[in-house]
Amino acid sequence: MTTISAPSPAQADGTASEPVRLFRTGPVAVIEIDNPPVNATSQAVRAGLLEAIREVDLDPEIEAAVIACAGRTFVAGADIREFGQPPREPHLPDVINAIEDCSKPVVAALHGTALGGGCEIALACHGRVVDAKASFGLPEVKLGLVPGAGGTQRLPRLIGTEAAIDLVSSGRNVKAAEALHLGLADRISTGDLRADAMDLARELIGKPLRRTGGVPATRMGAEAAAAKLGEIRRKARGAEAPVRAAELALLAADVPLNEGMARERETFLELRSSEQSAALRHAFFAEREVTRVPGLDNVEPRPVQKVGVIGAGTMGSGIAVAFADAGFDIKVVETSEEALAAGRARVADIYDKQVASGRLTDATRNERLASISYDVGLATLSDRDLVIEAVFEDMEVKRTLFRDLDGILPPGTVLATNTSYLDVGAIADATTRPADVVGLHFFSPANIMKLLEIVKTDTTAPDVVATGLAVAKRLRKVPVVCRVCDGFVGNRILSRYRQQAEYLIEEGALPHEVDAAMEAFGFPMGPFAVSDLAGLDISWARRKRLAPTRDPRERYVDVADRLCEAGRFGRKTGAGWYRYEGGKRIPDPFVTELVEDASRRRGLTRRPISADEIQARIRAAIVNEASKILDEHIVERPLDVDVVMMHGYGYPAWRGGPLFEADRVGLQAILDKVTERAAQDGPGWEPAAGLVSRASSGARFYS
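Given the structure is predicted, the values throughout are model-derived calculations rather than measurements. (Residues numbered from 1 in each chain as written. Predicted model: local features only at pLDDT ≥ 70, side-chain atom pairs only at ≥ 80, totals over all residues. Heavy atoms only, no water.)

## Some details on the layout of surface pockets
Now for step 1: Each pocket or cavity is described by its volume, and for the second largest pocket that value is around 650 Å³.
Now for step 2: Lining the second largest pocket are 24 residues, with Ser495, Gln499, Arg542, Leu546 and Glu554 sitting closest to its centre.
Now for step 3: When contributions to the lining of the second largest pocket are tallied by element, the ones reaching two or more residues are helix 18 (490–507) and helix 21 (536–546).
Now for step 4: With seven residues, the single largest contributor to the lining of the second largest pocket is helix 18.
Now for step 5: When the residues that make up the lining of the second largest pocket are grouped by side-chain class, the tally is seven nonpolar, five polar and 12 charged. (1 Å grid on protein atoms, 1.4 Å probe; cavity = no way out; pocket = protein on both sides within 12 Å on 5 of 7 lines; lining within 4 Å. Points joined across faces, edges and corners; volume = space filled by probe spheres on them. Helix = DSSP H or I, 4+ residues; strand = E, 2+ residues; numbered from the N terminus. Nonpolar A, V, L, I, M, F, W, Y, C, P; charged D, E, K, R; others polar.)

## Let's talk about the sheet that holds strand 13 (residues 372–376)
Now for step 1: With respect to topology, eight strands assemble into an open sheet ordered 13-12-11-14-15-16-17-18, the strand pairing being mixed. Both edges of this open sheet fall to strand 13 and strand 18 (478–482), since each of them pairs with a single strand only. Neighbouring strand axes in the sheet, compared pairwise and without regard to direction, differ in orientation by 25° on average.
Now for step 2: With five bridges joining them, strand 11 (residues 306–310) and strand 12 (residues 329–334) adopt parallel strand pairing. Within the sheet, the bridge partner assigned to Lys306 lies in strand 12 and is Asp329.
Now for step 3: Helix-sheet contacts for helix 13 (residues 337–356) involve strand 12 and strand 13, and the interaxial angle to strand 13 is about 165°. (Pairing = 2+ DSSP bridges. Axes fitted to C-alpha atoms, helices over the stretch in contact; angles between N-to-C directions. Contact = heavy atoms within 4.5 Å.)

## Notes on the packing of helix 3 (residues 117–124) against helix 4 (residues 151–159)
Now for step 1: It is the contact of helix 3 with helix 4, at a shortest axis distance of 10 Å, that shows an interaxial angle of 50°. Judged by the inter-axis angle, helix 3 sits oblique to helix 4. In terms of crossing hand, the pair formed by helix 3 and helix 4 is left-handed. Contact with helix 3, carried on its side by Glu120, Leu123 and Ala124, involves Gly151, Arg154, Leu155 and Leu158 of helix 4 and no other residues of that element.
Now for step 2: Class assignment for the residues of the contact of helix 3 with helix 4 results in four nonpolar, one polar and two charged. (Parallel < 35°, antiparallel > 145°, perpendicular 65-115°, else oblique. Left-handed = near helix turned anticlockwise from the far one by under 90°.)

## Things to note about the packing of helix 9 (residues 241–251) against helix 10 (residues 257–272)
Now for step 1: Contact geometry for helix 9 and helix 10: axes closest at 10 Å, N-to-C directions at 170°. By the criterion of interaxial angle, the relationship of helix 9 to helix 10 is roughly antiparallel. On helix 10, the residues touching Ala241, Arg244, Leu248 and Leu251 of helix 9 are Gly260, Arg263, Glu264, Thr267, Glu270 and Leu271.
Now for step 2: In the contact of helix 9 with helix 10, the residues fall into four nonpolar, two polar and four charged.

## Regarding the side chain of Arg568
Now for step 1: Assignment of secondary structure puts Arg568 in the loop between helix 22 (559–565) and strand 19 (578–581).
Now for step 2: Note on Arg568: relative accessible area 10%, which makes it buried.
Now for step 3: A distance of 3.0 Å separates a polar atom in the side chain of Arg568 from the backbone oxygen of Gly576.
Now for step 4: If we ignore the near neighbours within four places in the chain, the residues touching Arg568 are Leu536, Leu563, Thr573, Ala575, Gly576, Tyr578, Arg579, Asp588, Phe590 and Val591. (Buried < 20%, exposed > 50% of the residue type's maximum accessible area, 1.4 Å probe, protein only. Polar contact = N/O pair within 3.5 Å; in protein donor to acceptor, adjacent residues only side chain to side chain.)

## Considering unusual backbone geometry
Now for step 1: For the bond running from Glu89 to Pro90, omega is -5°, close enough to zero to count as cis.
Now for step 2: Structurally, Pro90 can be placed in the loop between strand 4 (64–69) and helix 2 (92–101).
Now for step 3: Geometrically, the link from Ser444 to Pro445 is a cis peptide bond, its omega value of -5° lying close to zero.
Now for step 4: Here Arg237, not a glycine, exhibits a phi torsion of approximately 50°, which is positive.
Now for step 5: One can find Arg237 in the loop between helix 8 (222–236) and helix 9.

Quick look at the structure:
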């Protein structure tokens, strides 16, 4: 064995690490990358890999080489810690070019994930053997970047331009079977991955080598290319990187590899210093940091395998599917056989649609359906480790339910409520074990949406909060821990900016104009379209609940109430803020009439309102309410708010979340807008103390 080392950080025991090793194992050498935890292409790895390739090229006793990785994965991408630092040689494109130019066969043995630079290393090899569970991906667009080491130029040459555009613009992962079908992998290993890769390397000795960079890329027709770019631009909703990546992939058919790589590198460096990339890197780290909750470092979660779900409506069914997908033993409980049958049908329908779309096999669907049992009555939940209720959003209904559960469930069972707005502490007080009660607020559809608000009361036990985090991790959700207030984080902010949207329509905008402005801002849907999707009756019930305590001086727009009184509850009734025909939303003259009548009753002269004003007012409402949430310690960190808004409410990730973006835009401008609206809109719109102090002191949410 020869160790190929380069200057690198010391290990925990103080000895120098050896990120790349060259093993001489006969005519086929093995170059092993060992850079825990994910074998990122740090400077030390790049230097070691380049030296190893040069030694393979020069050593007459070595006839071929296999690049493999120690640990749980192949190279999973760049070392993000190096972003923002001056680039250090050797650069990854130079290393990858050396692999492709090697005079001897080089085969990649891939397990785990080959992402970003790892995928680009594999593309430059002369052959690729993959573990059956391995996956490839070029996810740079998710960080506001494009591949920077030949990914957009080699991938079209290997798998075709159209397929390459899909991968580089979406950043999605490709599993082993699809990789083989596309031509991204040559073989799937059936046993010992390294041995199989060495077998392929031996077969390539003495034969002409397929150098990916020399393969011509297929050319798309001009009309097809323009249509594809238009589709990507629409889906990107303002994000730059997906379109730029697709344009580079199209370029591969028209220019030599070196010219395409020069354009790619230029684009990569340009985007790396962009605001969008900074925002997306913030989003990346915030999603990971949000799970590190202060005070829970050494708290062990309770074991959870058997889960009960009370209520088999839309939300309860989605929750049951989410748990079944994660391998839990699920029991769904309803009040009658009829309701239970309807719930069983909803669950089956979710899985049937996944099979029909090719996302799931029949065997997997049947396995997951088998993990869900159904019963009538709470008594059947007595063996559960965790019970979640998803019943009607009414305080007395939920308190009665928890009082009944208290006498059924054994000590140590975690009791969770899926309430969207109600006081979790008041629900917990209906039991003799409030320490076991927590809010687990799923977002619809629960089996798809990533956000999970974990709501702790003043009495929730630390190990119950830790259990919520552990369950979220297993469900592959993004959890945010918060304290109790009306609407918690997301729905509290949503209520406030939806209120501002209603002020806008009362003053002169129409619902479809507000929605169009916010979709241009980067939201997948505007606030009125979202209301229709969620159901107007849900927020109507909340408004009626809060009506007795509403400040009589508060500005109140009653258009939504009048829609509900007319039986227009949104998509589910075919009409709400819009009419729905053939699945399409259509602006409705009936709604325009209600809106204009509201303006007359308020005594307002309607005026045209620009998209810029709509965006500025709604952004100000979001940031001000988020600041109040921080002031009240509902959450402790600005990143908690950013993660909630990005993963639960569609705030564009390329903006980094509302508070990250507020820092970049300038807090004084936002404060001025809030102050202006407070003077006109009355109680509830006062500037948050935290926003005022930050703006006046020049402080930021993120220092």
